[in-house]
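Notes for the structure review
So the chains spell out like this:
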Amino acid sequence: MGYLFLTLALFAGVTKGYCGKKTSGFVEKTRDAFFINIIRMILCTVTGIIVVLCSGHASFLIPDTNGLLIYILSGVSTAFFVAFWLLAIRKSAYMLMDVFLLAGTLIPMLLSNAFFNESIKPHQWVGFLLLLIAVIIMCSYSSSVKEKFSISAFILLALTGIMCGITSFSQKLFVNLCGETPASVFNLYTYIFSAVTLIILYFIFSKAGENKDSGISFCSVPKRMFIYILIMAVCLFGNSFFNTKAAYFLDSAKMYPFEQGASLVLSSLMSAIFFKEKLTLKAIIGIIITFIALLIINVL
């Protein structure tokens, strides 16, 4: 059952990534990234409210102290993750993002091992090392597709991976510490705190010297971009919801490397088909190594 939820989350995430790449072309300023994601989080919040009410889980909306802290951690890290993602994707080949997200899976793996005694078996470390080899190959491939990324792009990608890892660990915290609270409530509060964080960041960057008359506003959102944002919001909700459900069944050492490794393969194919990022021999070798690594991590 865990792998079923993870597969649904994976396809929702890849679809979200495609729309995110399309949306990134509208981002000209830092606050534009926050603005686009504010809309996404508001849409996700509305969706979350509907899901919670329709599923009869309204009685779980009053959180305890542990729940509130976990919701805040998840929401704030999600806000920074989605903003950094949109900013970073403009500076790098699409596939390179998955490279850093894969590296970020070390965070939930190590922390879950430390706090919840989720074991990391020797063959899983071998599989993860193979994934890192695939990462190195993909980095080389990305440099041949697009000019070498700058230090600022590297920092953005690294921060994106870190925030993704923290967000993933917050799912494990919720699963282990929040008892019977439904995943839909966790996701709803994640979107609420994420939206609040993004709104604060938006106004901070609006007052930090950027021209208030430039960039995107509610009155100037192109119709095509709004459609992409709507799809992204639905897919973000699905990705987060199914990931949280999968966290009940799978250890971090299996779940997060599998998700990012499979995403790396699917993103490679999507980049070649939709974004014309040519698949070279290096890319094909990287995909093959990724596939072998996933088998070692999840089957042996």
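**Topic: the overall build of the protein**
Within the protein, the secondary structure is distributed over 11 helices and zero strands. Ordering the α and β elements of the protein from the N terminus gives α-α-α-α-α-α-α-α-α-α-α. Here the protein holds 300 residues, and 53% of them are scored as buried. Considering only contacts in the protein between residues 6 or more positions apart, those separated by 24 or more positions represent 90%.

**Observations regarding unusual backbone geometry**
Phi angles above zero are rare outside glycine, and asparagine 117 is one such case at about 55 degrees. Mapped onto the elements, asparagine 117 comes out in the loop between helix 5 (106-116) and helix 6 (122-145). Classification of asparagine 117 by relative accessible area gives exposed; the value is 67%.

**Focus: the side chain of glutamine 171**
The topology assignment puts glutamine 171 in helix 7 (residues 151-177). What makes glutamine 171 buried here is its relative accessible area of 6%. Ignoring anything within four residues of it in the chain, the contact list for glutamine 171 reads Phe186, Ser240, Asn243, Thr244, Met255 and Tyr256.

**Some points on helix 11 (residues 281-298)**
Taking 1.5 Å per residue, 18 residues should reach 26 Å; helix 11 reaches 26 Å between its end C-alpha atoms and fits that length. Buried within helix 11 we find Ala283, Gly286, Ile287, Ile289, Thr290, Ala293, Leu294, Ile296, Ile297 and Asn298.

**Looking at the nonpolar core**
Met41, Phe81, Phe174, Leu198 and Met255 are the most contacted members of the largest nonpolar core, which has 66 residues in total. Per-element tally for this core: the top contributor is helix 3 (residues 65-89), with 11 residues. Excluding its chain neighbours within four sequence positions, the residues that come into contact with phenylalanine 174 are Ile70, Tyr71, Gly179, Thr181, Pro182, Ala183, Phe186, Thr244 and Tyr248.

**Some details on the pattern of salt bridges**
Inspection of every chain in the model, using the stated rule, returns one salt bridge. One salt bridge in this structure joins glutamate 118 and lysine 172, with 3.0 Å as the shortest N-O distance. One end of the pair, glutamate 118, is in the loop between helix 5 and helix 6; the other, lysine 172, is in helix 7, and 54 residues separate them in sequence. For the pair shown, glutamate 118 and lysine 172 are each scored as buried.

**Things to note about the packing of helix 5 against helix 7**
Remark: helix 5 packs on helix 7, axes separated minimally by 8 Å, with the N-to-C direction vectors making an angle of 30 degrees. Judged on the interaxial angle alone, helix 7 and helix 5 are roughly parallel. As for the relative orientation of helix 5 and helix 7, their crossing is right-handed in sense. For the pair helix 5 and helix 7, the contacting residues are Ile107, Pro108, Leu111, Ser112, Phe115 and Phe116 in the first and Ile162, Gly165, Ile166, Ser168, Phe169, Lys172, Leu173, Asn176 and Leu177 in the second. For the contact of helix 5 with helix 7, the class distribution of residues is 10 nonpolar, four polar and one charged.

**What about the packing of aromatic side chains?**
Scanning the entire structure with this criterion turns up 15 aromatic pairs. Ring centres 5.6 Å apart and planes at 75 degrees place the aromatic pair tyrosine 3 and phenylalanine 258 in the edge-to-face group. Here phenylalanine 258 lies in helix 10 (residues 252-274) and tyrosine 3 lies in helix 1 (residues 2-24), a separation of 255 residues in the sequence. A residue is classified by how much of its surface remains accessible, and tyrosine 3, at 30% relative accessible area, is partly exposed. Here tyrosine 71 and phenylalanine 186 contribute two aromatic rings whose centre-to-centre distance is 6.2 Å and whose plane-to-plane angle is 50 degrees, an arrangement assigned as tilted. Of this pair, tyrosine 71 sits in helix 3 while phenylalanine 186 sits in helix 8 (residues 183-206); the two residues are 115 residues apart in sequence, bridging distant segments of the chain. Considered together, tyrosine 71 and phenylalanine 186 belong to a single accessibility category, that of buried residues. Grouping aromatic residues by their ring pairs yields a cluster made of Phe5, Tyr191, Phe237, Phe241, Phe242 and Phe249.

**Quick word on the confidence of the model for the protein**
When pLDDT is averaged across the protein, the result is 80; 79% of the residues are at 70 or more. Highest mean pLDDT in the protein belongs to helix 5 (90); lowest belongs to helix 4 (residues 94-104) (73).

**Focus on a nonpolar patch on the surface**
Residues Met1, Leu4, Leu8, Tyr248 and Phe249 make up a contiguous nonpolar surface patch of roughly 520 Å² in combined accessible area. Position of tyrosine 248 relative to the elements: it lies in the loop between helix 9 (223-247) and helix 10.

**Some details on the environment of phenylalanine 174**
Structurally, phenylalanine 174 can be placed in helix 7. Expressed as a C-alpha distance, the spacing of phenylalanine 174 and asparagine 66, which sit 108 residues apart in the sequence, is 8.7 Å.

**What to know about the environment of leucine 6**
Turning to its location among the elements, leucine 6 is positioned in helix 1. With relative accessibility at 0%, the residue leucine 6 sits in the buried group. Leucine 6 sits 250 residues away from tyrosine 256 along the chain, and the two C-alpha atoms are 9.3 Å apart. Here leucine 6 is in contact with Asn243, Ala246, Leu250, Met255, Phe258 and Glu259, once residues within four sequence places are set aside.

About the criteria used
- The numbers attached to residues start from 1 for each chain and follow its sequence in the written order.
- Side-chain atom pairs in this predicted model are given and counted only at pLDDT of 80 or more, local residue features only at pLDDT of at least 70, and totals for whole chains, interfaces and linings cover all residues.
- As a rule here, side-chain values come from all non-hydrogen atoms in the structure, and water together with hydrogens is ignored.
- In DSSP terms, a helix is any run of H or I states spanning at least four residues, a strand is any run of E spanning at least two, and both are numbered starting from the N terminus.
- The buried label applies to any residue whose accessible area, calculated with a 1.4 Å probe on protein chains only, is under 20% of its type's maximum; exposed applies above 50%, and partly exposed to all values in between.
- Any two residues having at least one pair of non-hydrogen atoms within 4.5 Å are treated as being in contact.
- To estimate the expected span of a helix, subtract one from its residue number and multiply by 1.5 Å.
- Note on terminology: a nonpolar core comprises buried Ala, Val, Leu, Ile, Met, Phe, Trp, Tyr and Cys residues joined through side-chain atoms within 4.5 Å.
- In what follows, salt bridge is the name for a side-chain nitrogen of Lys or Arg lying within 4 Å of a carboxyl oxygen of Asp or Glu.
- The axes are straight lines fitted to the C-alpha atoms, using for helices just the contacting stretch, and the angles between their N-to-C directions are given from 0 to 180°.
- Oblique is the label for every angle not falling under 35 degrees (roughly parallel), over 145 degrees (roughly antiparallel), or within 65 to 115 degrees (roughly perpendicular).
- Note on convention: near helix rotated counterclockwise from far helix by under a right angle means a left-handed crossing. Clockwise means right-handed.
- Three residue categories are used. Nonpolar comprises Ala, Val, Leu, Ile, Met, Phe, Trp, Tyr, Cys and Pro, charged comprises Asp, Glu, Lys and Arg, and polar comprises the others, including Gly.
- Here the aromatic set is Phe, Tyr and Trp, taking the six-membered ring for Trp, and pairing holds for ring centres within 6.5 Å; pairs whose planes are under 30 degrees apart are stacked, those over 60 apart are edge-to-face, and all others are tilted.
- Known as pLDDT, the predictor's confidence for each residue is given on a scale from 0 to 100.
- Only residues whose relative accessible area exceeds 30% and that take part in no salt bridge are eligible for patches, with like-charged residues grouped when within 9 Å of each other and nonpolar side chains (Val, Leu, Ile, Met, Phe, Trp, Tyr) grouped when within 5 Å.
- The protein chains shown are the only cover counted for residues, whose accessible areas, like all others here, come from Shrake-Rupley with a 1.4 Å probe.

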